[in-house]
Amino acid sequence: MKYACIVLRNTKNRLSSVRYPGVVDAFLSGGVPMEEVALLPYDCASALTSAITRLRCDCDGIFLVCDRVLCPSAKEAVSACAGQPFTEDFLLETPECLFGVFPANEAGESAVRNEAISRVDKRRGKRYSSIVIRTVGAPAEKLRAAVTAAREVCGDKLDFNIEEHFSDARLEVIYDSETPKMLADEVTRILATRLEDYAYAMEDVALAQRLFDVLKLHRMKISTAESFTGGGIGRRIVEIPGASALFYEGLNTYDNGSKEERLGVSAYTLKSHGAVSDEVAYEMAAGLIEQGHCDVAVATTGIAGPKSDNTDKPVGLCYIAVGTKEKVRVYRFHLDGDREKITETAINLALFLTYQEIK
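Figured I'd write up the structure that's included with this text.

What counts as what
Throughout this description, residue numbers start from 1 for each chain and increase along the sequence as written. It should be noted that, the model being predicted, local features are given only for residues of pLDDT at least 70 and side-chain atom pairs only at 80 or more, the latter also being counted only at that level, while totals for whole chains, interfaces and linings use all residues. Just so you know, side-chain values use all the structure's heavy atoms and leave hydrogens and water out. We count a stretch as a helix when DSSP gives it H or I for four or more residues in a row; a strand needs E for two or more, and each element gets its number in order from the N terminus. Any residue under 20% of the maximum accessible area for its type is buried, any over 50% is exposed, and the rest in between are partly exposed; the area is computed with a 1.4 Å probe on protein chains only. Any two residues whose heavy atoms approach within 4.5 Å at even a single point are treated as in contact. Only four residue types enter the tally: Lys and Arg on the positive side, Asp and Glu on the negative side, with His and both chain ends excluded. The location of each charge is read from NZ of Lys, CZ of Arg, CG of Asp or CD of Glu. When DSSP finds at least two bridges between two strands, those strands are taken to pair. Angles here are taken between N-to-C directions and fall from 0 to 180 degrees, while the axes themselves are lines fitted to C-alpha atoms, restricted in helices to the stretch in contact. Any carboxyl oxygen of Asp or Glu that lies within 4 Å of a side-chain nitrogen of Lys or Arg is treated as forming a salt bridge with it. The criterion is simple. A nonpolar core is a set of buried Ala, Val, Leu, Ile, Met, Phe, Trp, Tyr and Cys residues joined through side-chain atoms within 4.5 Å. In what follows, roughly perpendicular refers to angles from 65 to 115 degrees, roughly parallel to angles under 35, roughly antiparallel to angles over 145, and oblique to any angle outside these ranges. By the definition used in this description, the sense in which the near helix is turned from the far one sets the handedness, with an anticlockwise turn below a right angle giving left-handed and a clockwise turn giving right-handed. For this scheme, ten residues count as nonpolar: Ala, Val, Leu, Ile, Met, Phe, Trp, Tyr, Cys and Pro. Four count as charged, namely Asp, Glu, Lys and Arg, and the remainder, Gly too, count as polar.

## Regarding the overall build of the protein
1) Next: When you go through the protein residue by residue, the secondary structure sums to 12 helices and 14 strands.
2) Next: In terms of overall dimensions, the protein has C-alpha extents of about 75 × 50 × 40 Å along its principal axes.
3) Next: In the protein, buried positions account for 52% of the 359 residues.
4) Next: Sequence-distant contacts in the protein: of pairs separated by 6 or more residues, those separated by 24 or more amount to 68%.
5) Next: The protein carries 43 positive and 52 negative side-chain charges, and their two centres are separated by 1 Å.

So, in structure tokens, the structure goes:
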């Protein structure tokens, strides 16, 4: 069975974009790969009609993705081609083909997972499941080696997909209802063993949510002291509902004076080692712990670029400190990429290292 996706976008506005990958990935997670993804202008009805007519000849499913405001007109176009109206919010089913129109947002992704996938499974008479492992900081060769080892056991009976976003990787294994449970379990064991040092979840859960759950489990409060990450760690935590119960404070101690006044970092340390150093990161985290308001503290200092800090230290150098009342550990990294990549990667590493410290 083949499936295709049509993305409708405003080609006349260079600032307009349709964030369709989330919807496509939701289909992929349910074992529904797209044989073709066509990008069409939203205001060309003839091009859309032609695409649907062509694709329905050999596709069991055709799914449109567009901005929410365009969904009604997209449904009208699909109905005209299918010869019948939509009787459901997102789906229109004929004996020959399953059509769908989804907004390019979280509601569309949810509709795919909760409605479209089950309908596709019913039509093809086969249900798909997945194994998801989430990791941070795993080198590309480690991820490839883990997948290679798993493939040696399962052959081509399972499909593997890897997504990575600023060092936060999502490894997904998709298998159908005919796959022996023992085989799926063995693949899970291989991946979990090979990626043990980098894994934070054996389910599809966000990194910040995982840290939140562990903090809640241990009834711990957290504080952050951020320099070059500019509050990104704290932002990711407070995006989780209920964060007020465990997030004490987040300080953006960007200036050296702030590090001294708010965290107790010594002027001597700053002068002798520089703001971007193991010693300063240590004192930043220790300063939060010594204030007595939190059980765990995370601190960052680094050089995100595009230029260095007037020293011989390179862009991408950063230190992340994670402290508890018992100890403070400092981790050194030299990250590649532009300012955004360096900063966002450091945020993910800080969340992961904090999780590792208290799990």
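## Section: the sheet that holds strand β10 (residues 222-226)
1) Next: Spatially, 5 strands are ordered β11-β10-β12-β13-β14 in an open sheet, and the strand pairing comes out mixed. The sheet terminates laterally at β11 (247-252) and β14 (328-334), the two strands that pair on one side only. Within the sheet, the average angular offset between the axes of one strand and its neighbour, ignoring direction, is 10 degrees.
2) Next: The strands touched by helix α11 (residues 278-290) are β10, β11, β12 (296-302), β13 (317-324) and β14; relative to β12, the strand with the most contacts, the crossing angle is about 150 degrees.

## Considerations on the pattern of salt bridges
1) Next: All told, the structure shown has 18 salt bridges when counted by the stated rule.
2) Next: Of the charged contacts, one joins R170 and E163 as a salt bridge, the two residues approaching to 3.3 Å between their closest N and O atoms.
3) Next: The exposure class of R170 is buried, given its relative accessible area of 12%.
4) Next: One salt bridge connects E357 with R329, and the closest N-O pair in it is separated by 2.8 Å. Here E357, found in helix α12 (residues 339-358), pairs with R329, found in strand β14; they are 28 residues apart in sequence, far enough to count as distant.
5) Next: Overall, R329 belongs to the partly exposed group, its relative accessible area being 37%.

## Here's the deal with the pairing of strand β6 (residues 128-136)
Consecutive residues of a regular strand have side chains that alternate between opposite faces of the sheet.
1) Next: As defined by bridge partners, β6 adjoins strand β8 (residues 168-176) across 9 bridges and the pair is classed as antiparallel. Its bridge partner being in β8, T135 is matched across the sheet by A169.
2) Next: Here β6 runs beside strand β9 (residues 199-201); their pairing, made up of 2 bridges, is antiparallel. Paired with T135 across the strands is A199, a residue of β9.

## A word on the nonpolar core
Generally speaking, a soluble globular protein has its nonpolar side chains buried in company with each other.
1) Next: Among the nonpolar cores identified, the biggest contains 35 residues, and L211, L215, I222, I237 and L351 are the most heavily contacted of them.
2) Next: Among the elements of the structure, β9, α7 (207-217), α8 (232-238), β12, β13 and α12 are those that each provide at least two residues to this core.
3) Next: Sorting elements by how many residues they give to this core places α12 first, with 10 residues.
4) Next: Apart from the residues within four sequence positions on either side, L351 is in contact with L207, A208, L211, I233, R236 and I237.

## Some thoughts on the packing of helix α1 (residues 21-29) against helix α4 (residues 106-124)
1) Next: Two elements in contact, α1 and α4, have axes whose closest approach is 8 Å; the angle formed by their N-to-C orientations is 25 degrees. Of the possible angle classes, the one that applies to α1 and α4 is roughly parallel. Like other packed secondary-structure pairs, α1 and α4 cross with a definite hand, here right-handed. Residues G22, V23, A26 and F27 of α1 lie in contact with α4, whose contacting residues are G108, E109, V112, R113, A116 and I117.
2) Next: Class assignment of the residues belonging to the contact of α1 with α4 gives a composition of 6 nonpolar, 2 polar and 2 charged.

## Quick look at the sheet that holds β8
1) Next: If you walk across this open sheet you meet the 4 strands as β7-β8-β6-β9, and the pairing is antiparallel. Bordering the open sheet on either side are β7 (159-165) and β9, each of which pairs with just one other strand. Neighbour-to-neighbour, the strand axes of the sheet open up by a mean angle of 30 degrees, direction not taken into account.
2) Next: Packed onto the sheet, α1 meets β6, β7 and β8 and runs at close to 45 degrees relative to β8.

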